[in-house]
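What follows is each chain in one-letter form.
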Amino acid sequence: MALKIETPLTVNAYINGEIVEAQEHAPRENPAKPDETAGYWPKNTVEEAKQAIDSADEAFKSWKHSEMKDRIERMQKGIQKIKDNQDDLAELLSKEHGKPIYDAQGELTVSLMFMEYAVENAERVYKEEVNEDERGKNILRHDPIGVVSAISPWNYPLALSTEKIAPALLAGNTMVMKPSPMAPLTVTLVTQMVAEEFPEGVLNIVNGDADIGIELTSNDKVRKIAFTGGTNTGRHIMKAAADTIKNVTLELGGNDPAIFLDDFDVNDEAAMRRVVISNFLTGGQICMIAKRMYVHESIYDQFVEKYMEAAEKWLRIGDPTLEETTVGPVNNKAQLEFVQELIEDSRQNGYDIREVGNVADEEFFNNGYFMYPTVVLGADYDARIVAEEQFGPAVPILKFKDDDHAVELANDSELGLTSSVWGEEAHAIEIAKRIEAGVTMVNTAAIQGLDIRYPFGGVKQSGIGREYGEEGMLEYVDSHSINIPKTKDLPHIPQ
């Protein structure tokens, strides 16, 4: 059934099957028009967060015993509600986030893809396994963990929420979801839409600032934390989880390298377009965006020339609601200022700074959190623009000498989320195997190279655990082995 979604939209907490009116709401601005309010989100109290956790804890007592068929049917109804409202939800997401409408529609598509994947595979992945041989029998169960606290970020808010909701509930867990204050509206609305299809307390949502996050990550009744966000926040969550040894899945920051080998075809216009998209999709505000570009010195000059040509064609900065727009504003003022700070640092160091793209309406551009996509050439390998995750529309392009040098540069980071290698396929795969990352893509990058059938996550300080694929679904269960050996006694124990 289609809902009527109008802005400014006011959302509230959903606890134990009921909408809970908040005493205080905070505005969420439209980053393309900061003087326009996209909606209002509830500033829930710690007491309300505790109520949500208590409700989930109580609901778990019965939900963990529910039939898989029932779980699947309920999730399918939730998925259908999202589909019925897909266009309006994309418009709401665009207004509160700032991403262009095509990008918001793409996020809805990714969200639905994995929810449907989880539904289609839940029975197989979570099925009890029985193995028997001459040594005896083993029954391997996949038991639900309990109450899950899910915390999603602002950059890809809906996809990074639904990827947690679907497997957690299908596995028999209950959940309390908390979205980012920088993109709270669509997540809150969608979570409630899905929650309404489940028994009271199975899926709850609260909004708020750090105090709510602290409660969700430290409460004794929470058994698992599923978090996507920055590495520094991830460290705090690990500390909060330590006292009760909570299960954690942490998908954290990335400073993702892209290597362009000497056999990469710079004259391939389609490939160069993919490169530009891999840098500036969602304004560069995706954890898996290509953020450090390493190009073999033999093709560097030609690469830069062709890259600039492709960028000028694809980068159209402006009103996110217009279909022709490919790059919208930065999501919030603080992030805009951080990216500008990195560019100013590059300027102070004498690097070659080039703004690219086309602005249709300068007045509109100047009134929002917009900036020109920026390419930095000639930076030192340890420059801030290279060493720090920009998380915005800015990218450095640097030279490397040979394959070993490229691998050394790519791995020179405390982070290791995604990466990409571009060139002749066999050569690229050879180099890809040497990269320290959770995911490496060949001849594509970022969302273009995401396959929800396979695990996604980071190494080093880019996280713990995996999302997507079968492995991501198994993050929401505890393995429980029941052993029945044929020989019950040890043979060397004396009578």
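Structure: above.
Predicted model, so just to flag it, every value in this text is computed and none were measured.

Overview of the pattern of salt bridges
One pass over the full model with this rule turns up 26 salt bridges. The partner of Glu-36 in a salt bridge is Lys-33, with the nearest N and O atoms 4.0 Å apart. Among the ionic pairs, Arg-384 bridges to Glu-341, the shortest N-O distance being 2.9 Å. With Arg-384 in helix 13 (residues 384–387) and Glu-341 in helix 11 (residues 333–348), the pair connects residues that are 43 residues apart, well separated along the chain. Owing to a relative accessible area of 41%, Glu-341 belongs among the partly exposed residues under this scheme.

Focus: the packing of helix 9 (residues 269–280) against helix 10 (residues 300–314)
As a packed pair, helix 9 and helix 10 sit with axes 9 Å apart at the nearest point and diverge in direction by 70 degrees. Overall, the two elements helix 9 and helix 10 adopt an arrangement that is roughly perpendicular. Contacts between helix 9 and helix 10 involve Glu-269, Met-272, Arg-273, Val-275, Val-276, Ile-277, Asn-279 and Phe-280 on the former and, on the latter, Phe-303, Lys-306, Tyr-307, Ala-310, Ala-311, Lys-313 and Trp-314. A class-by-class count of the residues in the contact of helix 9 with helix 10 yields 10 nonpolar, one polar and four charged.

Thoughts on helix 15 (residues 425–432)
Along an α-helix, residues three or four apart share an orientation, since each turn contains 3.6 residues. By the burial criterion, the buried members of helix 15 are His-427, Ala-428, Ile-431 and Ala-432. Down the axis of helix 15, the smallest arc covering the buried residues is 140 degrees, so these residues share one side. For helix 15, the secondary structure elements touched by its buried residues are strand 13 (256–260), helix 14 (403–410), strand 21 (418–422) and strand 22 (439–442). Where helix 15 begins, the side chain of Glu-424 points an oxygen toward the backbone nitrogen of Ala-426, at a separation of 3.2 Å.

Cut-offs applied
- Residues numbered from 1 in each chain as written.
- Predicted model: local features only at pLDDT ≥ 70, side-chain atom pairs only at ≥ 80, totals over all residues.
- Heavy atoms only, no water.
- Salt bridge = Lys/Arg side-chain N within 4 Å of Asp/Glu carboxyl O.
- Helix = DSSP H or I, 4+ residues; strand = E, 2+ residues; numbered from the N terminus.
- Buried < 20%, exposed > 50% of the residue type's maximum accessible area, 1.4 Å probe, protein only.
- Axes fitted to C-alpha atoms, helices over the stretch in contact; angles between N-to-C directions.
- Parallel < 35°, antiparallel > 145°, perpendicular 65-115°, else oblique.
- Contact = heavy atoms within 4.5 Å.
- Nonpolar A, V, L, I, M, F, W, Y, C, P; charged D, E, K, R; others polar.
- Arc of directions from axis to C-beta.
- Polar contact = N/O pair within 3.5 Å; in protein donor to acceptor, adjacent residues only side chain to side chain.

Taken by themselves, the reported measurements are silent on function.
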